[in-house]
Amino acid sequence: MTAVIVTVDDAHLAQLDAVAEALRRHGLQVEQVLSEVGLIAGQLPAGRALGELRVEGVAAVEEARTVRLPPPDAPVQ
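Below you will find a few notes about this structure. (Residues numbered from 1 in each chain as written. Predicted model: local features only at pLDDT ≥ 70, side-chain atom pairs only at ≥ 80, totals over all residues. Heavy atoms only, no water.)

## Looking at the overall build of the protein chain
Move 1: Of regular secondary structure, the protein chain possesses one helix and four strands.
Move 2: Reading the secondary structure of the protein chain in the N-to-C direction produces β-α-β-β-β.
Move 3: Whereas a compact globule of 77 residues would reach a radius of gyration of roughly 11 Å, the protein chain reaches 15 Å, over 25% beyond that.
Move 4: Across its three principal directions, the C-alpha atoms of the protein chain cover 50 × 30 × 15 Å.
Move 5: Counting all 77 residues of the protein chain, 30% fall into the buried class.
Move 6: Counting every atom, the protein chain has about 5300 Å² of accessible surface; 51% of that belongs to carbon and sulfur.
Move 7: One finds the centroid of the 6 positive side-chain charges in the protein chain at a distance of 7 Å from the centroid of its 11 negative side-chain charges. (Helix = DSSP H or I, 4+ residues; strand = E, 2+ residues; numbered from the N terminus. Rg over C-alpha atoms; globule rule 2.2 N^0.38 Å. Buried < 20%, exposed > 50% of the residue type's maximum accessible area, 1.4 Å probe, protein only. Areas by Shrake-Rupley, 256 points an atom, 1.4 Å probe, with all protein chains shown as cover. Lys, Arg positive; Asp, Glu negative; His and termini not counted. Charge placed at Lys NZ, Arg CZ, Asp CG, Glu CD.)

## Observations concerning the pattern of salt bridges
Move 1: What the rule picks out here adds up to three salt bridges.
Move 2: For Glu52, the salt bridge goes to Arg48, with nearest N and O atoms at 2.7 Å.
Move 3: Judged by its relative accessible area of 32%, Glu52 is partly exposed.
Move 4: A salt bridge links Glu62 to Arg65; the nearest nitrogen and oxygen atoms lie 3.9 Å apart.
Move 5: By relative accessible area, Glu62 is classed as partly exposed at 39%.
Move 6: Classification of Arg65 as exposed rests on a relative accessible area of 72%. (Salt bridge = Lys/Arg side-chain N within 4 Å of Asp/Glu carboxyl O.)

## Focus: the pairing of strand S3 (residues 39-44)
Move 1: Among the six residues that make up S3, five are buried, leaving the element largely enclosed by the rest of the structure.
Move 2: With six bridges joining them, strand S1 (residues 2-8) and S3 adopt antiparallel strand pairing. In the sheet register, Thr7 faces S3, and the bridge partner there is Leu39.
Move 3: Across five bridges, strand S2 (residues 29-34) lies against S3 in antiparallel orientation. For Leu34, the partnering residue across the bridge sits in S3 and is Leu39.
Move 4: Hairpin geometry of S2 and S3 is characterised by an intervening segment of four residues between the two adjacent antiparallel strands and by a positive phi of about 70 degrees at Gly38. (Pairing = 2+ DSSP bridges.)

## Quick notes on the sheet that holds strand S4 (residues 58-63)
Move 1: With antiparallel pairing, four strands are arranged side by side in an open sheet as S2-S3-S1-S4. Of all the strands in the sheet, just S2 and S4 have a single pairing partner and so form its edges. The average angle at which neighbouring strand axes cross in this sheet is 20 degrees, direction not considered.
Move 2: Helix H1 (residues 16-25) contacts S1, S2, S3 and S4 of the sheet and is inclined by roughly 165 degrees relative to S2. (Axes fitted to C-alpha atoms, helices over the stretch in contact; angles between N-to-C directions. Contact = heavy atoms within 4.5 Å.)

## Considering the side chain of Gln43
Move 1: Note on placement: Gln43 falls in strand S3.
Move 2: When its relative accessible area of 18% is taken as the criterion, Gln43 is described as buried.
Move 3: Contact partners of Gln43, with chain neighbours within four places excluded, come to Met1, Thr2, Ala3, Gly27, Leu28, Gln29 and Glu31.

These figures come from the coordinates and say nothing about function on their own.
Structural data, given as structure tokens:
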């Protein structure tokens, strides 16, 4: 599975749930709909292209990234 972040364009913010449903039909397992910022987070099955999520109302699709920070008491590198 690939973690994905979808940005909804400004013209479709009022239809965020409809965009999320369209993404589900294209294979995205929607985990969160963040209406305040117009983002939809989910998981795309392995082997599926991010481009498959280019549905009406989508401004951008990108793979989610993980950032890990050392604990506060770790030595400076």
